[in-house]
Amino acid sequence: MKPSIGIREVAHHAGVSNATVSNVLNRPDVVAPATRQRVLASIAELGFVRNESARQLRAGRSRVIAYVVLDASNPFFTDVARGVESAAREAGFAVFLCNSASEGGREREYLELLHEQRVEGILITPVDAEVPGFAELLHRGTPVVLVDHSAQDGTCSVAVDDVLGGELAVTHLIETGHTRIAMVGGPFTIQQVRDRHAGALRAMANAGLPEANLTVLETTDLQVAEGRSAGERLVGLPSVRRPTAAFCANDLLALGLLQSMTQQGLKVPEDLAVVGYDDIEFAAAAAVPLTSVRQPRDQLGRTAARLLLEESEPDHEHRHVQFQPELVVRASTRVRGA
Ligand code: RIB
């Protein structure tokens, strides 16, 4: 096995001190250009590779942040992660993306590993922030920022006003003539689902409609298959109670519901108007372009990364940044002739 080449071997080869080699690696501006070139030539000739974990241990800091997402198959999170990566890269950091797949145990394993790896900071969209022990798991010395989730004591957070988002969606359905509306989403351990449901109830109350007119079809996750399953349940409801419109907690559920309507020979919006949430690219591209509540995903990601990197500043104060959602109306709710 080839002996590992360290700073000492490079220094000997270039005829300089270990400190000069370290300066070339970490503070090249303090080294004379001719010396710097000689050291770089030795590095190339010997095939020296910096030992990042050793550097990190010495410096006590890494150049990596992590983002633990709820569902890597959901374009919402990859869009947010793209914003995270852009802001992190501009600041000289790389991003580890971890997928909890909405499983608390997996999320816990990732958090423990990331603390051990001494990453610079952790962004996370929690599976369930109320679960006992989550706060202790979060606060172990590594800075943390919550994403797509509102405040927790002792951390920054970046989110969208999901209560307003739910209210915008259901108010739109009421204004287009619907009085019996389904809310498709779950599990309700996810704060974003609870908040969107609260907004939907607020819209019903504001319109003077009874809460019973909002039929909740709770789902086990927020993916397409559960949207299809909700479509079958919805069509199976007695016609006198069957909703004429549905608000889905995210676009993946709405796309599954659209698919189910088509498979059952029903038309959108004629037989069922449908609103989603996130406004991912597939929403506009759907067979029936989907009305959706837009979340500013790139801004969410960039802001979260910036807040995280500010955590190490001495005068940092935790902030809870909340963006406003925006209703984007498309064919899945548009009234004929409108
Ligand atoms: O984070 C929970 C949900 O909120 C995700 O499914 C995503 O779509 C966002 O809307």
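Keep in mind that this is a model prediction, so the values were computed, not measured. (Residues numbered from 1 in each chain as written. Predicted model: local features only at pLDDT ≥ 70, side-chain atom pairs only at ≥ 80, totals over all residues. Heavy atoms only, no water.)

## Quick notes on the overall build of the protein chain
If you tally the helices and strands in the protein chain, you get 13 helices and 12 strands. If one aligns the C-alpha atoms of the protein chain with their principal axes, the spans along those axes are about 90 × 40 × 35 Å. Residue burial in the protein chain is summarised as follows: out of 338 residues, 49% are buried. Residue pairs in contact within the protein chain that sit at least 24 positions apart in sequence constitute 69% of those at least 6 positions apart. Within the structure as shown, the protein chain displays about 15,900 Å² of accessible surface, and the carbon and sulfur contribution to it stands at 51%. Averaging the locations of the 33 positively and 42 negatively charged side chains of the protein chain gives two centres separated by 6 Å. (Helix = DSSP H or I, 4+ residues; strand = E, 2+ residues; numbered from the N terminus. Buried < 20%, exposed > 50% of the residue type's maximum accessible area, 1.4 Å probe, protein only. Contact = heavy atoms within 4.5 Å. Areas by Shrake-Rupley, 256 points an atom, 1.4 Å probe, with all protein chains shown as cover. Lys, Arg positive; Asp, Glu negative; His and termini not counted. Charge placed at Lys NZ, Arg CZ, Asp CG, Glu CD.)

## A closer look at the site of the ligand
Near the ligand you find Leu70, Asn74, Phe76, Phe77, Thr125, Asp148, Gln192, Arg196, Leu222, Asn250, Asp278 and Gln295, and these make up its full shell. Residue Gln192 places a side-chain N or O atom 2.9 Å away from an oxygen atom belonging to the ligand. The separation between an oxygen atom of the ligand and a polar side-chain atom of Asn250 is 3.0 Å. Summarising the interface, the protein chains cover 98% of the accessible area of the ligand, which totals 270 Å² for the free molecule. Of all the secondary structure elements, the ones that give two or more residues to the shell around the ligand are helix H5 (75–90) and helix H9 (191–206). (Near = heavy atom within 4 Å. Polar contact = N/O pair within 3.5 Å; in protein donor to acceptor, adjacent residues only side chain to side chain.)

## Some points on the sheet that holds strand S1 (residues 64–69)
Across the sheet, six strands lie side by side as S2-S1-S3-S4-S5-S11; this open sheet has parallel pairing. Across the chains shown, the open sheet's two edge strands, defined by having one partner strand only, are strand S2 (94–99) and strand S11 (320–323). Shown here is a sheet whose adjacent strand axes are inclined to one another by a mean of 15 degrees, direction ignored. Contacting S1, S2, strand S3 (121–124) and strand S4 (144–147), H5 crosses the sheet at an angle of about 170 degrees to S1. (Pairing = 2+ DSSP bridges. Axes fitted to C-alpha atoms, helices over the stretch in contact; angles between N-to-C directions.)

## Quick word on the pairing of S1
Here S1 lies mainly inside the structure; six of its six residues are buried. Judged by which residues are buried, S1 turns out to be covered on both faces: Val64, Ala66 and Val68 on one side and Ile65, Tyr67 and Val69 on the other are all buried. One ladder, built from six bridges, connects S1 with S2; its direction is parallel. Bridge pairing in S2 places Tyr67 opposite Leu97. Pairing analysis gives four bridges linking S1 to S3, with the strands arranged parallel.

## Thoughts on the nonpolar core
Ile65, Tyr67, Leu123, Phe247 and Val274 are the most contacted members of the largest nonpolar core, which has 70 residues in total. Residues within four places of Val274 in sequence aside, it is in contact with Ala246, Cys248, Ala254, Leu257, Leu258, Val268, Leu290, Thr291, Ser332 and Thr333. Membership of the second largest hydrophobic core comes to 15 residues, among which are Leu111, Leu114, Val119 and Leu146. (Core = buried A, V, L, I, M, F, W, Y, C linked by side-chain atoms within 4.5 Å.)

## Remarks on the state of the cysteines
Applying the stated rule across the entire model yields zero disulfides. With no disulfide of its own, Cys98 has Cys156 as its nearest cysteine by sulfur position, at a separation of 20 Å. (Disulfide = S-S within 2.5 Å.)

## Looking at the domain arrangement of the protein chain
Partitioning the protein chain into structural domains gives domain 1 (7–50), domain 2 (59–159 + 297–323) and domain 3 (162–295). Here domain 1 and domain 2 have C-alpha centroids that lie 36 Å from each other. (Domains from an automatic or database assignment.)

## Regarding the packing of helix H10 (residues 224–235) against helix H11 (residues 251–263)
Relative to each other, H10 and H11 sit at 50 degrees, their axes nearing to 6 Å. Taken as axis vectors, H10 and H11 run oblique relative to one another. At the point where H10 passes H11, the crossing takes the right-handed sense. Facing H10, whose interface residues are Val224, Glu226, Gly227, Arg228, Ala230, Gly231, Glu232 and Val235, H11 presents Leu252, Leu253, Gly256, Leu257, Gln259, Ser260, Met261 and Gln263. In terms of residue class, the contact of H10 with H11 is built from seven nonpolar, six polar and three charged. (Parallel < 35°, antiparallel > 145°, perpendicular 65-115°, else oblique. Left-handed = near helix turned anticlockwise from the far one by under 90°. Nonpolar A, V, L, I, M, F, W, Y, C, P; charged D, E, K, R; others polar.)

## Considering the packing of aromatic side chains
Evaluated as defined, the whole model comprises two aromatic pairs. Ring centres of Phe76 and Phe77 lie 4.9 Å apart, and the angle between their planes is 85 degrees; this geometry places the pair in the edge-to-face category. Each member of the pair, Phe76 as well as Phe77, carries the same accessibility label: buried. Over the face of the ring belonging to Tyr277 we find Arg196, whose NZ or CZ atom lies 3.8 Å from the ring centre. (Phe/Tyr/Trp six-rings, centres within 6.5 Å; stacked < 30°, edge-to-face > 60°. Lys NZ or Arg CZ within 6 Å of the ring centre and 35° of its normal.)

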